[in-house]
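# What the coordinates show
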Amino acid sequence: MRRFPIFIATLVAMALAIVSCGDDDNTWDDYAEYRQANIDWLQQQYEKKDASGKPVYTMLRPIWDQGSYVLIRYFNDTMLTKDNPKPFLTSTVDVKYHGSLYDGTPFDSSYLRTAPADSIYRTKLTDVVGGWVIALTNMHEGDSCEVIIPCEQGYGSIERTGIPPYSALVFGIKLVDIYKQEK
């Protein structure tokens, strides 16, 4: 419960930071309702509890930027993968994933790919959105999870194919392999 005020303060600070950037094309105003719907939904996910009263999601804050975060929920028993390697910021990883917007609208999936292997997406951690970096550097090979990425760690005010500005992103991610581990 003590994290709730910090979470709200972080959201307000991020909103002020976005406003202060001086968005010339009125994207901020044009997406006001959509932006608020994403913020409200994100807050609901943060507050969500399971049947025993435990939070469904864990908030991960990277040590390199305590103002950013993602919400994560593991599907596997992490005690079984705790001794497996974790990627570094400079690693190249093989993952399987599917991505959707807060309302469930899908926008991308590795399950539509055939290279380098069936359903595998190979990428450097330096080439993905900040939310993926936060999540993947906290995962071990073999972990499977759902990650909720606030817009600030996703694409922010930038519109992408199938992704409106200010979108919270929801990913199901499985870290299949660390293809190249560089320190």
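The residue numbers shown here count from 1 along each chain, following its written sequence. Side-chain atom pairs in this predicted model are given and counted only at pLDDT of 80 or more, local residue features only at pLDDT of at least 70, and totals for whole chains, interfaces and linings cover all residues. Excluded from the side-chain calculation are hydrogens and water; included are all heavy atoms of the structure.

Looking now at the packing of aromatic side chains. Stacked, tilted and edge-to-face are the three classes applied to pairs of Phe, Tyr and Trp rings, where Trp contributes its six-membered ring and a pair requires centres within 6.5 Å; stacked means planes under 30 degrees apart, edge-to-face means over 60, and tilted covers the rest. Throughout the structure, instances matching the rule amount to 10 aromatic pairs. A ring pair is formed by Phe 107 and Phe 171, whose centres lie 5.6 Å apart and whose planes are at 90 degrees; its orientation type is edge-to-face. Placement of Phe 107 in strand 4 (residues 106-109) and of Phe 171 in strand 7 (residues 169-180) is noted, with a sequence separation of 64 residues between them. Per residue, the accessibility class of Phe 107 equals that of Phe 171, and both read buried. Seen in terms of ring centroids, Trp 132 and Phe 171 are 5.3 Å apart; in terms of plane orientation they differ by 85 degrees. Their pairing is edge-to-face. Within this pair, whereas Trp 132 is found in helix 4 (residues 130-136), its partner Phe 171 is found in strand 7, the two being separated by 39 residues in sequence. We call a charge positioned over a ring when the NZ of a Lys or the CZ of an Arg lies within 6 Å of the ring centre and within 35 degrees of the ring normal. Taking the ring centre of Tyr 166 as reference, the NZ or CZ of Arg 35 above it sits at 5.5 Å. Here the basic side chain of Arg 122 rests over the ring of Tyr 179, its NZ or CZ set 3.4 Å away from the ring centre. Going along the chain from the N terminus, every DSSP run of H or I of four or more residues is numbered as a helix, and every run of E of two or more is numbered as a strand. Throughout this description, buried means an accessible area under 20% of the type-specific maximum (1.4 Å probe, protein chains only), exposed means over 50%, and partly exposed covers the range between.

Assignment of secondary structure puts Gln 66 in the loop between strand 1 (58-60) and strand 2 (70-74). By relative accessible area, which is 48% here, Gln 66 ends up partly exposed. At 2.8 Å, the side chain of Gln 66 forms a polar contact with the backbone oxygen of Pro 62. By the criterion applied in these results, polar contacts are pairs of N or O atoms within 3.5 Å in which, for protein atoms, one can donate a hydrogen and the other can accept it, and in which residues neighboring in sequence qualify only through two side-chain atoms.

Another point: a nonpolar patch on the surface. To count toward a patch, a residue needs a relative accessible area over 30% and no salt bridge; like charges are then connected within 9 Å, while nonpolar side chains (Val, Leu, Ile, Met, Phe, Trp, Tyr) are connected within 5 Å. Calculation of accessible area relied on Shrake-Rupley with a 1.4 Å probe; when residues are assessed, cover is drawn exclusively from the protein chains displayed. The salt bridge definition used is simple: a Lys or Arg side-chain nitrogen within 4 Å of an Asp or Glu carboxyl oxygen. Where nonpolar side chains cluster on the molecular surface, the patch consists of Ile 63, Trp 64 and Leu 89 and spans about 370 Å² of accessible area. By secondary structure assignment, the location of Leu 89 is in the loop between strand 2 and strand 3 (92-101).

With that settled, consider helix 3 (residues 32-47). The terminal C-alpha atoms of helix 3, which comprises 16 residues, lie 23 Å apart, in line with the 22 Å expected from a rise of 1.5 Å per residue. All buried positions along helix 3 are accounted for by Tyr 34, Arg 35, Asn 38, Trp 41, Leu 42, Gln 43, Gln 45 and Tyr 46. One less than the number of residues in a helix, times 1.5 Å, gives the span that helix is expected to have.

Below, the discussion takes up the nonpolar core. The set of buried Ala, Val, Leu, Ile, Met, Phe, Trp, Tyr and Cys residues whose side-chain atoms join them within 4.5 Å is what this entry labels a nonpolar core. Residues Val 95, Trp 132, Leu 136, Val 147, Ile 149, Phe 171 and Ile 173 are the most contacted members of the largest nonpolar core, which totals 27 residues. Elements with a minimum of two residues in this core: strand 2, strand 3, helix 4, strand 6 (144-149) and strand 7. Two residues qualify as a contact provided that any one of their heavy atoms is within 4.5 Å of a heavy atom in the partner residue. Excluding residues that lie within four positions of it along the chain, Ile 173 makes contacts with Val 95, Lys 96, Tyr 97, Trp 132, Leu 136, Met 139, Asp 143, Ser 144, Cys 145 and Val 147. Among the nonpolar cores identified, the runner-up in size contains 11 residues, and Trp 41, Tyr 57, Leu 71 and Ala 168 belong to it.

The subject of this paragraph is the side chain of Ser 100. Looking at the secondary structure, you find Ser 100 in strand 3. Leaving out residues up to four positions away in the same chain, Ser 100 has contacts with Thr 105, Pro 106, Phe 107, Ala 168, Leu 169 and Val 170.

The values are spatial; any link to function lies outside them.
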